[in-house]
Amino acid sequence: MSLLTCKEIVRLVTDYVEGGLDSATRARFEDHVVICPPCRAHFAQMRRTIATAGRLREVDVDPEFETAIVALFHDWRDEQAG
Amino acid sequence: MAGRRVPDPGTGSSRLLWRRTARIERMTGERPAVMVTTMTPEGARRPERPPGPTGSAAATRHRLPQWDERSMLAAARAGDEQAFTTLVRAHTPALRRAARLRVRDDALADEIVQETWLAVLKGLSRFEGRSSVRTWMLTILAHCADRRIAAERGSIPFTALDDDEGVDESRFHGPDHPRWAGMWSTTVDSWSDVPESRLTSRETLSAIREAISALPPGQREVIALRDVEGWSSAEVCAALGLSEGNQRVLLHRARSKVRAALERHLEGAQS
């Protein structure tokens with residue numbers, strides 16, 4: 001079985017990380033990455049990209065915005081009662 | 001106000017007020033001090049909220065188990081403000097993130113979130129519990145956002161390329177190369193010299209947010225739920241009605257483009 005090219009590694013990286021490769025392709029993927037520093041670097045970039053995207057989650061809850069939404073609730077409740 | 005019909009989201013007074021104050025914020029970079037008192041003249045109504053820690057710790061604290069959420073919904077429907085406030089605290093951060101990934105204008109994103117909550121209130125009695133509460137709310141947000149985007153054209157930038165890997169062809173040896181066809185022709189930086197503080201700086205995070213908001217809708221949804229919100233692939237497939245394979249394709253394209261944007265950002269800042 002021939003070695004995967006770097007381009008193929010770039011294309012398959014998410015399938016690899018997500019467990020979407022069959023075992024043969026998975027082995028070929030690993031055989032390549034083990035001997036290819038630039039592909040390992042690309043892989044590291046992808047991992048860091050994913051981790052950094054997760055940092056967008058750490059957004060503060062804004063109490064004033066929350067107040068505005070609760071005010072909508074008051075309007076709605078008044079409508080229901082009214 | 002007996003017999004008054006439920007107002008259209010576009011005419012809610014609180015919403016307009018928020019919109020106006022948001023505009024002020026945009027223009028001056030400051031929050032008008034009168035806003036809170038104006039919005040809730042009855043001070044007692046303002047939910048008690050200690051100025052304690054916010055952010056991820058708060059988000060975790062406010063996350064509710066699903067069964068509890070159903071009873072919260074029922075209580076809110078019956079007019080229980082505490083229950084409603086709990087739901088708002090649990091879901092607003094995620095709704096806000098989702099809205100901000102759809103439109104670039106934060107004030108517009110906040111309007112969309114407000115419209116979403118209005119629609120949630122009006123739709124409480126129709127929630128059937130087939131999906132999780134957060135999936136239901138995100139679906140409503142998507143509708144609200146689409147409507148607003150259609151109304152205010154140009155909020156969402158389009159990308160020309162939809163199927164590239166985010167790595168320029170020129171960085172690989174061409175197919176005619178006798179020995180290294182398809183292999184890297186350039187070095188690749190592993191970013192091991194990039195400190196974490198640099199990646200989590202405001203500039204870098206906003207570059208990532210821009211890159212995500214510029215993605216085609218399917219890719220944007222998938223990466224927002226998977227990598228920003230941290231959902232599992234099974235949850236995302238269920239919420240968006242995707243097969244595992246399609247979900248991976250969308251995720252790969254999205255991650256590839258965001259990686260490329262991050263690379264451009266890091267290189268641009270270096271030079």
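Up top is the structure.
Residues numbered from 1 in each chain as written. Chains lettered and ligands numbered in written order. Predicted model: local features only at pLDDT ≥ 70, side-chain atom pairs only at ≥ 80, totals over all residues.

The next subject is the overall build of chain B. Along chain B, the regular secondary structure elements total twelve helices and zero strands. Reading chain B from its N end, one meets helices and strands in the order α-α-α-α-α-α-α-α-α-α-α-α. Across the 271 residues that make up chain B, the buried fraction comes to 32%. The contacts of chain B with a sequence gap of at least 6 include a subset with a gap of at least 24, amounting to 61%. (Helix = DSSP H or I, 4+ residues; strand = E, 2+ residues; numbered from the N terminus. Buried ≥ 20, exposed ≤ 12 C-beta atoms within 10 Å, placed from the backbone. Contact = placed C-beta atoms within 7 Å.)

On to the interface of chain A and chain B. Of the residues lining the interface, 49 residues belong to chain A; the matching set on chain B comes to 66 residues. For the side of chain A that touches chain B, the secondary structure elements donating two or more residues are α1 (6-17), α3 (37-54) and α4 (63-81) of chain A. Within the side of chain A that touches chain B, the residues separate by chemical class into 20 nonpolar, twelve polar and 17 charged. (Nonpolar A, V, L, I, M, F, W, Y, C, P; charged D, E, K, R; others polar.)

Residues and elements named next belong to chain B. The contact between helix α5 (residues 81-100) and helix α7 (residues 133-151) brings their axes to 10 Å, and the two run at 35°. Crossing hand, α5 versus α7: right-handed. Side by side, α5 and α7 meet where H91, A94, L95, A98 and A99 of the first sit next to R134, M137, L138, L141 and A145 of the second. Grouping the amino acids of the contact of α5 with α7 by side-chain chemistry returns eight nonpolar, one polar and one charged. (Axes fitted to C-alpha atoms, helices over the stretch in contact; angles between N-to-C directions. Left-handed = near helix turned anticlockwise from the far one by under 90°.)

What follows concerns the nonpolar core. Ranked by size, the top nonpolar core spans 53 residues in total, and within it A99, I112, L141, I208, I223 and V258 of chain B carry the most contacts. Elements supplying a minimum of two residues to this core: α4 of chain A together with α4 (66-77), α5, α6 (106-123), α7, α9 (202-213), α10 (217-228) and α12 (244-270) of chain B. Domain assignment of the residues forming this core places at least three in each of domain 1 (59-151) and domain 2 (169-182 + 193-270) of chain B. Setting aside anything within four residues of it in sequence, one finds L141 of chain B in contact with L95, A98, A99, I112 and T116 of chain B. C6, C36 and C39 of chain A together with F172 of chain B belong to the second largest nonpolar core, which has 15 residues in total. (Core = buried A, V, L, I, M, F, W, Y, C linked by C-beta atoms within 7 Å. Domains from an automatic or database assignment.)

A word on unusual backbone geometry. Residue and element names in this part refer to chain B. One non-glycine residue, W191, adopts positive backbone phi at about 65°. Examined against the element boundaries, W191 turns out to sit in the loop between α7 and α8 (196-199). Overall, the presence of 18 C-beta atoms within 10 Å leaves W191 in the partly exposed class.

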